[in-house]
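What follows is each chain in one-letter form.
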Amino acid sequence: MEKNIIAKAENFVKHELANAEGGHDWWHIERVRINALRILKTEKADSQIVELACLLHDIADSKFYNGDEEIGPAKAENFLKQEGFDDEKTKHIIKIIRHMSFKNSFDGKKFTSDEMDIVQDADRLDAIGAIGIARAFNYGGHKGREIYNPGIKPDEKLNKEKYKNSKSPSINHFYEKLLLLKEMMNTKSGRTMAEQRHEFMKLYLEQFFSEVE
Ligand code: ADP
Ligand code: NI
């Protein structure tokens, strides 16, 4: 049974995310898993928990459910319970899903484990670099946001509520979140991967402002 759980989770997630926004779709999940497997080559952790948490982490992102932060963990938990998956491991996976989000980092770190550190790093890596740039503008487009508005400056002192309700131009998101992620990485190999992606974003922003200002 447990051998199949990863394949079953894949199918479940693909089905749930069939109509997702391009930055939070199945391919985001697949990239996060690939990032996590790369980190796992040098970090010790339970790979089954890491992989399942990656697969289930964005099953129902609260951004797309009117801010409801319970639907995602509840759906993931129901799935694992229905499959008869180990109770302790299920609890661990649900804790990871609950605590890994950037917006929850405003509340301070409330839960940590080796597996959590890896999954969170893997998700953060997909928010930066070339793919991070693509996702930010795709999300902004999906929400009907402006790309750039020189009259609206980034707010670098966001709290959770302000961050969630922000309607600012997509370019501001780089200063409000994406450029902060490198310093927040948990694992050594995650940080090394983040550094290169971070430099690429900085280069991109230099070029962007040289064109528009
Ligand atoms: P998490 O999934 O860790 O809670 P977010 O939901 O804040 O993090 O963001 C996930 C991704 O969605 C970001 O990395 C970015 O690509 C996109 N995104 C979220 N908020 C914005 C925004 N205000 N402008 C542009 N992109 C955004
Ligand atoms: Ni994610």
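Residues numbered from 1 in each chain as written. Chains lettered and ligands numbered in written order. Predicted model: local features only at pLDDT ≥ 70, side-chain atom pairs only at ≥ 80, totals over all residues. Heavy atoms only, no water.

1. Considering the packing of aromatic side chains
Okay, so step 1: According to the stated counting rule, one finds 12 aromatic pairs in the structure shown.
Okay, so step 2: For the pair Phe102 and Phe106, a centre-to-centre distance of 5.4 Å together with 75° between the ring planes defines the contact as edge-to-face.
Okay, so step 3: Overall, Phe106 belongs to the partly exposed group, its relative accessible area being 30%.
Okay, so step 4: Aromatic rings pair up to connect Phe137, Tyr148, Phe174, Tyr175, Tyr204, Phe208 and Phe209 into one cluster. (Phe/Tyr/Trp six-rings, centres within 6.5 Å; stacked < 30°, edge-to-face > 60°. Buried < 20%, exposed > 50% of the residue type's maximum accessible area, 1.4 Å probe, protein only.)

2. A short note on the coordination of the nickel ion (ligand 2)
Okay, so step 1: In this structure, His28 (NE2), His57 (NE2), Asp58 (OD) and Asp123 (OD) serve as the protein donors to the nickel ion (ligand 2), at separations of 2.1 to 2.2 Å.
Okay, so step 2: Relative to the metal, the 4 donor atoms surrounding the nickel ion (ligand 2) lie at angles of 83 to 173°, and the coordination shape comes out irregular.
Okay, so step 3: Each donor residue of the nickel ion (ligand 2) lies on the same chain, and together they follow the pattern H-x28-H-D-x64-D. With His28 in helix α2 (residues 26-40) and His57 in the loop between α3 (47-56) and α4 (71-82), this pair connects stretches of sequence that are 29 residues apart.
Okay, so step 4: You can call His28 buried: its relative accessible area is 0%. (Donors = N, O, S within 2.8 Å, 3.2 Å for Na, K, Ca; no water. Tetrahedral: all angles 85-135°; square planar, octahedral: opposite > 155°, others 65-115°. Helix = DSSP H or I, 4+ residues; strand = E, 2+ residues; numbered from the N terminus.)

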